[in-house]
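Spelled out, the chains give:
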Amino acid sequence: MSKKRALTGIRASGNLHIGNYLAAIKEGLKLQAEHDCLFFIADMHSLTTNKDPKLIREQGLDVAAGWIACGLDINQHLLYRQSDLPMVAEFAWYLSCATGMGFLQKAHSYKDSVAKDKEVSHGVFAYPVLMAADITMYDADIVPVGKDQKQHVEMARDMAGSINALYGEGTLKLPEVAVRENVMTIPGLDGRKMSKSYGNEIALFSSEKGLKQQVMSITTDSTPLEEPKELDGSLLGDLFKLFGSDEQYGELRKKLAAGGYGWGHAKQDLLEVIVAELGPARKLYLEIREDEAELERTLERGKEKALAIAVPVLNRLRNAVGFRSLSYS
Ligand code: TRP
């Protein structure tokens, strides 16, 4: 039996942090064992918020290099840039013509923008349609996403259903959403959810010095050095658990409970377990990111393979609406 096709888009926004790594990258990469995976840089979606052309390009490459460094197998799976297959915008048009305004007004992302009194672009309004095109143009079976994107994938399924109701069952494949429910919220340096918007993140690929500074700034209580300390339930403990083994955690808990071991020492221990897990990926990241020509070649190969999947689906839909097939080469 052939493997199911898993597809997910990654928005390039700012530096990757360990929250992205634990909640999205590590989980996404686990799918490689049992699925044919399509991972792409959602740079067309980034245009809704990022109007800096240099950043659009650079952050796309940062994200691509990050995924490869963390273990994306580019020989077995696909990594491509959304904007390299611009026919997705054509595909989105067919979906748009089968989708009501009232339906799109229900999107949380759109409602949030309106509630914040932001100037809402048509891109923000049409965001779920482009996302539905991303998914259905590749006949994706499952779409792994974080909770915040669940509604968008459900909307994609509905849009595919509307196309099928108009043009016949089987015109588009209905995708399933796979929400990463089991991933806990990753706490940041101050204990709130790790997020770029709070400025409390631990960068995924910072230098060891930078990482040390960040780890040393983790909020702890001011129990004096000599006194016993409780690791369970502390922010430092929560972060340690994400990287250290149960055994290492148990050891640290004992040392702190005995007294004479400070939070500063514990932070040093945390630094060590983080470096042990991420050190090799960081080294790889720097090498991969440096060689932009090679990275571009990788994305070019991804594009060719992605085209081979997308063009037949696009022509299927073109034919369904009454247009002729095109070669798109
Ligand atoms: N909107 C998603 C996010 O912000 C990124 C994305 C774009 C995506 N297209 C997609 C995710 C298609 C899954 C499938 O995270």
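Residues numbered from 1 in each chain as written. Predicted model: local features only at pLDDT ≥ 70, side-chain atom pairs only at ≥ 80, totals over all residues. Heavy atoms only, no water.

So, the side chain of Asn315
Turning to its location among the elements, Asn315 is positioned in helix H13 (residues 292-321). A distance of 2.8 Å separates a polar side-chain atom of Asn315 from the backbone oxygen of Leu326. Discounting chain neighbours no more than four positions away, the residues touching Asn315 are Arg324, Ser325, Leu326 and Tyr328. (Helix = DSSP H or I, 4+ residues; strand = E, 2+ residues; numbered from the N terminus. Polar contact = N/O pair within 3.5 Å; in protein donor to acceptor, adjacent residues only side chain to side chain. Contact = heavy atoms within 4.5 Å.)

A short note on unusual backbone geometry
Here the phi dihedral of Asp139 falls at roughly 50 degrees; this positive angle occurs in a residue that is not glycine. Within the secondary structure layout, Asp139 lies in the loop between helix H7 (122-136) and strand E4 (142-145).

Details of the packing of helix H3 (residues 53-70) against H13
It is the contact of H3 with H13, at a shortest axis distance of 11 Å, that shows an interaxial angle of 80 degrees. As summarised for this structure, H3 and H13 are arranged roughly perpendicular, according to the angle between their axes. Note on element contacts: H13 touches H3 through Glu292, Leu295, Glu296, Thr298 and Leu299, opposite Arg57, Leu61, Ala64, Ala65 and Ile68. Grouping the amino acids of the contact of H3 with H13 by side-chain chemistry returns 6 nonpolar, 1 polar and 3 charged. (Axes fitted to C-alpha atoms, helices over the stretch in contact; angles between N-to-C directions. Parallel < 35°, antiparallel > 145°, perpendicular 65-115°, else oblique. Nonpolar A, V, L, I, M, F, W, Y, C, P; charged D, E, K, R; others polar.)

A short note on the nonpolar core
Within the largest apolar cluster, 56 residues are counted, with the highest numbers of intra-cluster contacts made by Leu204 and Leu270. For this core, the leading source of residues is helix H12 (residues 263-290), giving 10 residues. Aside from chain neighbours lying at most four places away, what touches Leu270 is Val215, Ile218, Leu236, Leu239 and Phe240. Counting residues in each nonpolar core, the second largest holds 46 residues, with Phe40, Met87, Ala140 and Tyr328 among its members. (Core = buried A, V, L, I, M, F, W, Y, C linked by side-chain atoms within 4.5 Å. Buried < 20%, exposed > 50% of the residue type's maximum accessible area, 1.4 Å probe, protein only.)

Notes on the site of the ligand
Residues in close proximity to the ligand total 14 residues, the closest being Arg11, His45, Tyr127, Asp134 and Gln149. Note that a nitrogen atom of the ligand is positioned 2.7 Å from one of the side-chain N or O atoms of Tyr127. The separation between a nitrogen atom of the ligand and a polar side-chain atom of Gln149 is 3.0 Å. In isolation the ligand has 370 Å² of accessible area, and contact with the protein removes 90% of it. Among the elements of the structure, strand E1 (4-10), H7 and E4 are those that each provide at least two residues to the shell around the ligand. Among the elements that make up the shell around the ligand, the one with the highest residue count is H7 (4 residues). Among the residues forming the shell around the ligand, the class breakdown is 8 nonpolar, 4 polar and 2 charged. (Near = heavy atom within 4 Å. Areas by Shrake-Rupley, 256 points an atom, 1.4 Å probe, with all protein chains shown as cover.)

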